[in-house]
Each structure stands twice: as structure tokens, then as C-alpha cells.
Amino acid sequence: MDFNSLLQQAQRLNNEIQHTEELPRVERTISQVLQATKELHTRVTQTGAQDIQAHILLGSKGIDLPKISQKLESLNARKTFEPLDPVSETDVQNFLKNEKENTILSVIEEVHKNAFQSAQKRKWEHIKAEWREEKVKLMNALVGPSQNWIDIEKLPEQTVINETFGLRSCLNNIEMAYAREVYDYNVVVIKGAFRPNLVQKFSKVAKNFNDTKVYDIWEIMKYMVDVTPVPRNRDPLQTRIQIKQFVEQAKKYLENRYKLYMSTVISSNLREARRGGVPSTFNLVSAFVGLTFNKSNCFGLQDVNIDGKPLWPMVYYCLRCGDMQSALRCVLMGGAGHEDFIQILEDKINKPEQKINSKLEGQVKLHYCNKIKNSTDPYKKAVYCIVIGCDINDQHLEVAKTTDDFLWIQLSILRNEASENGESLTYSGLQVMILEKYGEKHFNANEQQHLYFQVLALTGQFEAAIEFLARSEKYRAHAVHIALALNEMMLIGGPRNVQEPLLSVDIEDSVPMRRLNMARLIMLYVKKFEMTDPAEALQYYFFLRNLKDPDGRNLFLVCVSDLAIECRNYDLLFGKMTPNGVASGGLLQQFDCVNFDSRTAANIVADELVRKGMFEDAIKLYDLADMQSNSLRYLSLLLSQVVHQSSKKGSLRERLAILATEFSERLRGSRIECEAQIVVTFNLLNELVSFFDYYHERRYQLALEILASTKLVPFSMGELEESLNNFKGLGSEISKAYPYILLATMDILYSQYKMLKGKDTGILNSGGDSRLQHLRQQAKALTNMAATIPYRMPGDTNKRLVQTEILMN
């Protein structure tokens, strides 16, 4: 576009503007337009793109942003609560005013700071509590063994309303049968009588379950605990390694079990077995070998036969049945050539506690390495390995056809100490082999839980065996009660503190020993039924009485506290307080003994309830704990908040009023160890309950009589000084209710005033005027009292009192 056409358009626009009256005519020279353009450009470059957009946005809505900015800049930017400027010390009036305002501001700031800190503290406590609960849920879900120590606290799951209490029992028949035995056992313990063997008791119960696998599990435990009692001041894990009886008992179980198997086989084939003579292990083995071996399957067997039966199978099965004397008899019947081997057998029989002659043992081992190791007779090789404990890596698969056979051979070749050349198998070495080298996968533990439990238990790894069995829902109840029985016999190694996982490793223990957290095991088991069966839950928690939590508290008391707070059935657990001041028996009363006192438990629960703000529940428990001073204190605290309210059915005020009446009746004439101020406050509040009850019932005369006896408010100007002095001695609980007392009293006076004013003139002239004047004086005394007391009235209390007084004048 050229300049001529631009000029023509400008002139045309100028002519059009001249004929319109909507816009004022603006005449600017080119220089003025240029200057305005520069100013606008400068402002745009200084304010930036965002400010321009703000101007455009607000300008489109009719807002002049520059004017608003100027007004804001003109405002005083001083903060409301910043400290005031100091004034000259000679200006006394302003100095005192400044000090007063600074004091008020400092109090406000301090309250704000404390409130903020309190809110922050509560927020973090709530967050930590939620995280602890989540950690407990996660830990409980991890049913597998843990190799590390995890600092985690088991807490009960909090519920607002007990939805499960009172429902049918969550215990099945098996669990209930065990629970009855637990109850009987605890009764004996509490009485201080001789403690029965829990393994024997539980195994008798297990016979009625009609489950052969469960029966076998308890049979194993019966054998394994039949050892010399373990001292209570020694670590069970260290004791278990040193006592050889655990190995002997495991072998005894496997040997007796095999003899039973032999007898079953022979009974099924009596004609072929041809068993005769006096019943003995030798005759049993002879009949069994006769059934098992014939000419067709004796290939590779060496040396002579005994009555037509191969020698070394006879020796092996005699040893397998635990009869070394019969094994020696077989070798002697085998003829010459086994003199050194016979000597070792005789030494083992005649001197079982003594170590075998090292020279003789060395000769037999050399003979084994040179000739027998490469022999084609697997039974001969197995017998030599079992007797002299050599060639520990040979699994003897041709002989050991079952897990029981394998485990028996390994237990038989054990030696107390590792040899210098490393050719001996120790107890800990066998445990490592079973638990870590082979493990659950090798024994197909998922499909055969009882089998893996068996190999762990028979190798003295009770903790790992119980933890494994507890993972299965089918065997969990049995695992828990095995743990209870062994723990009572001091055969379970526990962790250093109760916060550790169910199964943990202590660096000071020998490999591969584990420690079982009995507290966690019992809590996980009881959690299922503690709400529906609290009586049974307490019996199991009683086993934790000798344990401490990280804070040093008795774990039984902690569990009782958690259960009581969660189910909130305090009457069932702790009993009720009768009118004569004696507590009726609750479930916990049966546990009163040297190590436990139900009153102490009630006190602990009450303290926890106070910490949670559940004062109403804490009042009853403090009473049961024989701490009436605390009961009265918290009862007064709650009453002060609701004493002015009208009593409604089921309301907090009604419940507290009933409770206060019970306390008054029970404490009348009796003396308790309590501060005098607490008793005075409680008695005053109890009278105020009656005052407000009469007030809401419009029985004003009775209400005023009760109030007059308390001397809390003046009914004349002459009583003002006395009431003021009485107020200064009141507790904070009465002070909180005082504004409501004044308002209720003023309302009563005003109601009486209106009633008198509504009567006819004759009555007024005959003395009613003096009665009205008396009511006015009483109202004046109340307003003066409200204005004089050193207490800040909430809301518009003073205003309402003054307005009512004005209406009466």
C-alpha cells in the first residue's frame, strides 16, 4: 500500500469521526503520538508479557488495574500482630498501653505456636500409627521365613465399633479341643501345682482327630522331648547342641517306626515269613530278610549266609531296628575275617559313653577304603559307614529307599567333633544339609508338609519346623500348640525382643540355628478369634507373661490392654464394681497370681484409654483398679462439659449422671485416698446435675434451693463478696460450667419475674412489688458477679445477663 492511498483512508476516517457524537474528538500532533507511543512501549517493556495479559484480561472486564495497584500501594502493610513500637519511658500511659498490647500479642502468638506444634505432633502420631498398622499387616502376610531382624511392632487393628463381639465362636473343633487343654494347664500353673507335660496332653487330644499325619507329628515330639530337663537359666539352642539325647531320641523314633513296619510286612505274609522262636529283634529281622531277599535279588551280596539269609542285610536291619547286640550276633555267626569290626561293635555296646579306640577305628577305616568301598554289596558298605562314621558323602541309595532311611543313616554317622581331615558329619553339619543344602524344594515340602516338619524336628530344628508348619492353614493350630508345649519345657529359642520376625537369625548362634518369636506366633494365632472368644484368647496370652515389650512392659498386660480397648467389653474382662465397693469377678480375675494382678491390668488399660481420649471408659477401669481419685477427676472433667445440658435418653450426660450417683452413694461414709479439691469439685458437680435437671424440668424453686446450698452465686449484693471468694477456690471444671449456671439462674429469676408481673394488680399492691424488687436485686447481684469474677466468659454471656436484668427493671 502506497502513502497516497494511506492518506486518503486517514482523511476518510477523520471525516466519519466528525459526523459522530459517540466518541470525543482527540487531536494530537505527530510528535505527541510519537511520544505516547514511546511511553506505551516503555511501560510494556518494563511490566512484561504477563502484566500485559493481566491488563488486557482485567480491562476487558472493566477493571482499571493501575488504579487498583495505586490503592494497594497506599495501604499500610503493617502486620496485625507484629510487635508494637517502643515508646518513651516517661510516657507512662502509652507505655502501659503498649505493654498490655504487647502482652496480648505475645499470648496470642504463643497460643498459635503451641496449637500448631500440637497439631503437627498429632498429625505425625496418626501417620506413624497408620504406617505401623500397615507394616504389621505386611509382615503378617509374609508367612515365609525371614533371615533378618525387622523392627516392627505388632498392634491390634483398631475398630470404631465392635462388629464381631457376641457372634458365634471362630474356633473349630480342633482349636476348641486344644483350647480346653490350655485352660486346664493354666489353672494348674496359677495354683502353683506340678506342671503336667503339655506334649503328652496335646498328643492325647490329637488321637481324637482321626488324622494319621497329625498323630505322627505328635509322636515325633513325644520322642524328642523325652530328654533330661533343660535348665531355665540356659539358652535352649546352646543346650540342644550339647545334649546327645536329641540324636538318640530321633534315632529311637525312626528305629521303632521301622520295627513296626517290619511287623506289618510280616503279618501280611505269615506263611512265607515262617517266623518262629522267641519273639526278638533277631527273629523279626530274620523273617523280614527272608521275605525280602531270595536267590533272584541277592546279586552282589558278599560273604556267607546265616540260615540261608545274606549276612550284611541281616546286620544292617538289626542296626536299623536299633539292636546292636543282634547285629553283633550276626557278625559273629558270619565267621572269621571281621575281628576289628567285631571289636568296635563290642566297644560300642559295652562302653557307649567312651570314645572308640582311635587306632582300631583307623584300621577299620583303612580296610573300608582299600576293600569295602568298592564292594558290590551295598549293605556291607552301609554297615561299615554307619559303625565307623566314614564316607559321609555316600547317600547309600540302594539301601536307603525312604526319607526315614536316609535320615537314620545320617543320624547314625554323626560325630560330636569334626575330624582333622573333614571326613566326619557333625550335628550342625546335618542341620545345614537339611535346612539349607536340600531345603523345602528337595523334600517337596509344599505337598508333604508333615514330611518336611519331620526331618526338621528329628534334626533338632524345632524353631524352623514350627514356623514351616504354621504357614499351612491345615497345620497351623498344631504348630502353635507344639510351640507352646516346647516353650514351657524351655526347648524353644526365642529372639532378643518381641519385635523381630516370626523366624530370625542371631549372629551369635551357630549355623543354621533359628529363633522363633513366640509372641508373634501366639498373637497371629489368637487374632482370628480374640473378638468372638476373649476367654480363650486370654488363656493363650497368659503364656506371654514372662516376656517384655520394647518399653519393658509385661507382654501379657499389653495384650490384655489391646484386647480390652478393641472389644470394649470391660465388664466381661474386668468385672463390675458393686454398690458395696467390691469388684465382681471378670475373666482376668482367674489369672491373679504372683506375676499378674487384674487391678494393674485395669490401670494400664485406663491409662491407654486416657491417652486416646476415651475418658468415659477410663473412669470405670480406674475404679476397678482401686484408683478412685483418677475416676473422680475424669468424671468431673466430663461432667463439666455436659452438666448444663438437658438429660436425654442414652445421652452422655445421662450416663455420666447415673455414674456420678453411683459414686456418690458408694463413697458416702467411706474414705478414699484422694485430694480434697477433687472430692469438693465432684460433689459440687453432682449437685449441679440436680440443679440443671430441676431447671430443665421447670421446677425452679427446687433448683434455687440446691444452688443456694452450694454458695456458688450471690442472691443479694451482700453475698457477692462471699461468692467471689468461693469462686477463686473452685477448680477449672466448675469454672467451665459457671457461665451456664449464671444464665440458668438469671433465666429462673426472669421467669419468676414474668409470672409475678402477669398476676392482677391487687396481688402486686399487697406485697408483690417488694418481691419484684427482691428479684431485681438478685439479678443485679448476678450481673455484678459476672463482671467481677476473674474468668473470661465465653460468647455473649455478659450481654445476655445485662439484657435480662434490664428487662426486669
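Residues numbered from 1 in each chain as written. Predicted model: local features only at pLDDT ≥ 70, side-chain atom pairs only at ≥ 80, totals over all residues. Heavy atoms only, no water.

**Some points on the overall build of the chain**
Put simply, the rule is: Numbered from the N terminus, helices here are DSSP runs of H or I no shorter than four residues, and strands are runs of E no shorter than two. When a residue's accessible area, from a 1.4 Å probe over protein chains only, is under 20% of the maximum for its type it is buried; when over 50% it is exposed; and in between it is partly exposed. Note that accessible areas follow from Shrake-Rupley with a 1.4 Å probe, and for residues the cover is restricted to the protein chains shown.
The number of helices and strands found in the chain is 35 helices and four strands. When each of the 809 residues of the chain is scored for burial, the buried share is 43%. Surface summary for the chain: the accessible area is close to 45,500 Å², and the carbon and sulfur share equals 51%.

**Some thoughts on a nonpolar patch on the surface**
Counted only if it meets this: Like charges within 9 Å and nonpolar side chains (Val, Leu, Ile, Met, Phe, Trp, Tyr) within 5 Å are joined into patches, using only residues over 30% in relative accessible area that form no salt bridge. Any Lys or Arg side-chain nitrogen found within 4 Å of a carboxyl oxygen on Asp or Glu counts as a salt bridge.
On the surface, a nonpolar cluster with roughly 270 Å² of combined accessible area is contributed by Val92, Phe95 and Leu96. With respect to the element layout, Val92 can be found in helix H4 (residues 92-141).

**Some details on helix H9 (residues 245-268)**
To keep things clear, this is the line we draw: Multiplying 1.5 Å by the helix residue count minus one yields the expected span of that helix.
Here H9 is 24 residues long and its end C-alpha atoms lie 35 Å apart, about the 34 Å a rise of 1.5 Å per residue gives. Buried within H9 are the following residues: Phe246, Val247, Gln249, Ala250, Lys251, Tyr253, Leu254, Glu255, Tyr258, Met262 and Ile266.

**As for the packing of aromatic side chains**
Let me state the cut-off plainly: Any Phe, Tyr or Trp ring, taking Trp's six-membered ring, that has another such ring centre within 6.5 Å forms a pair; planes under 30 degrees apart are called stacked, those over 60 apart edge-to-face, and the others tilted.
Evaluated as defined, the whole model comprises 37 aromatic pairs. Plain terms: the ring middles of Tyr316 and Trp408 are 6.0 Å apart, the flat faces sit at 85° to each other, and that makes the pair edge-to-face. A residue pair is termed long-range when its members are at least 10 positions apart, and Tyr316 in helix H12 (residues 311-320) and Trp408 in helix H17 (residues 403-412) qualify at 92 residues. For Tyr316, a relative accessible area of 1% gives the class buried. Taking the relative accessible area as the measure of exposure, Trp408 reaches 2% and is therefore buried.

**Observations concerning the packing of H9 against helix H11 (residues 281-292)**
We apply this condition: The axes are straight lines fitted to the C-alpha atoms, using for helices just the contacting stretch, and the angles between their N-to-C directions are given from 0 to 180°. Any angle from 65 to 115 degrees is called roughly perpendicular, while one under 35 is roughly parallel, one over 145 is roughly antiparallel, and all others are oblique. If you view the pair so one helix is near and one far, a crossing is left-handed when the near helix is turned anticlockwise from the far one by less than a right angle, and right-handed when it is turned clockwise. Any two residues whose heavy atoms approach within 4.5 Å at even a single point are treated as in contact. Residues were grouped as follows: Ala, Val, Leu, Ile, Met, Phe, Trp, Tyr, Cys and Pro as nonpolar; Asp, Glu, Lys and Arg as charged; and all remaining residues, including Gly, as polar.
As a packed pair, H9 and H11 sit with axes 10 Å apart at the nearest point and diverge in direction by 55°. With respect to H11, the axis of H9 lies oblique. Read as a crossing pair, H9 and H11 show a hand that is left-handed. Counting all contacts with H9, which are made through Tyr258, Lys259, Tyr261, Met262, Ser263, Val265 and Ile266, the residues of H11 involved are Leu284, Val285, Ala287, Phe288 and Leu291. Here the residues of the contact of H9 with H11 are counted per class, giving 10 nonpolar, one polar and one charged.

**Overview of the pattern of salt bridges**
On inspection of all chains with the given rule, the structure shows 24 salt bridges. With its nearest N and O atoms 3.1 Å apart, the salt bridge here joins Arg471 to Glu467. The exposure class of Arg471 is partly exposed, given its relative accessible area of 22%. With its nearest N and O atoms 2.9 Å apart, the salt bridge here joins Asp506 to Arg496.

**Observations regarding the side chain of Thr239**
Under the convention used in this document: Polar contacts here mean pairs of N or O atoms no more than 3.5 Å apart (in protein, one a potential hydrogen donor and the other a potential acceptor; neighbouring residues in sequence count only if both atoms are side-chain atoms).
Turning to its location among the elements, Thr239 is positioned in helix H8 (residues 236-242). A polar side-chain atom of Thr239 sits 3.0 Å from the main-chain carbonyl oxygen of Asp235. Filtering out sequence-adjacent residues up to four positions away, Thr239 remains in contact with Val230 and Arg234.

**With respect to helix H13 (residues 324-333)**
Those residues of H13 lying buried are Ser326, Ala327, Leu328, Cys330 and Val331. Summarising the contacts, the buried residues of H13 are in contact with H11, strand S1 (305-306), H12 and helix H14 (339-350). Measuring from the backbone nitrogen of Gln325 back to the side-chain oxygen at the start of H13 gives 3.3 Å, which picks out Asp323 as the cap. Immediately downstream of H13, the backbone of Gly335 shows phi near 95°, a positive value.

**Side note on the state of the cysteines**
For clarity, the threshold we go by: What counts as a disulfide here is a pair of cysteine sulfur atoms lying within 2.5 Å.
Applying the stated criterion to the full structure yields zero disulfides. Counting only cysteine sulfurs, Cys390 is the nearest neighbor of Cys369, a cysteine outside any disulfide, at a range of 6.3 Å. Residue classification places Cys369 among the partly exposed positions, given a relative accessible area of 47%.

**Re the packing of H11 against H12**
Running from amino to carboxyl end, H11 crosses H12 at an angle of 130°, the nearest separation of the two axes being 9 Å. Relative to H12, the element H11 lies oblique. When you trace H11 past H12, the crossing you get is right-handed. From H11, Phe282, Val285, Ser286, Phe288 and Val289 reach across to H12, where they touch Pro313, Met314, Tyr317 and Cys318.

**Points about the side chain of Asp549**
Inspection of the secondary structure puts Asp549 in the loop between helix H23 (534-541) and helix H24 (555-567). Look at Asp549 and you get buried, because its relative accessible area is 9%. Those residues in contact with Asp549 that lie beyond four places of it in its chain are Val498, Leu555 and Val558.

**Quick notes on the confidence of the model for the chain**
What counts here: Confidence of the predictor at the level of single residues is given by pLDDT, which spans 0 to 100.
Of the residues in the chain, 84% have a pLDDT of 70 or more, and the chain-wide mean is 83. Within the model, pLDDT remains below 50 along residues 143-166, and this stretch shows 58 contacts once partners closer than five positions in the same chain are excluded. With pLDDT under 50 throughout, residues 760-764 is counted as low confidence; its partners more than four residues away or in other chains account for four contacts.

**Thoughts on unusual backbone geometry**
The step from Val511 to Pro512 runs through a cis peptide bond, and the omega angle for that step is 5°. Residue placement: Pro512 occurs in the loop between strand S3 (503-504) and strand S4 (515-516). Positioned with a positive phi, Asn444 is a non-glycine residue whose angle comes to about 50°. In this fold, Asn444 is placed in the loop between helix H18 (427-442) and helix H19 (449-458). Look at Arg568: it is not a glycine, yet its phi comes out positive at around 60°. Turning to its location among the elements, Arg568 is positioned in the loop between H24 and helix H25 (570-574).

**Section: the environment of Gln773**
Tracing the chain through its elements places Gln773 in helix H34 (residues 761-788). A C-alpha to C-alpha distance of 8.8 Å links Gln773 and Asn809, two positions 36 residues apart in sequence.

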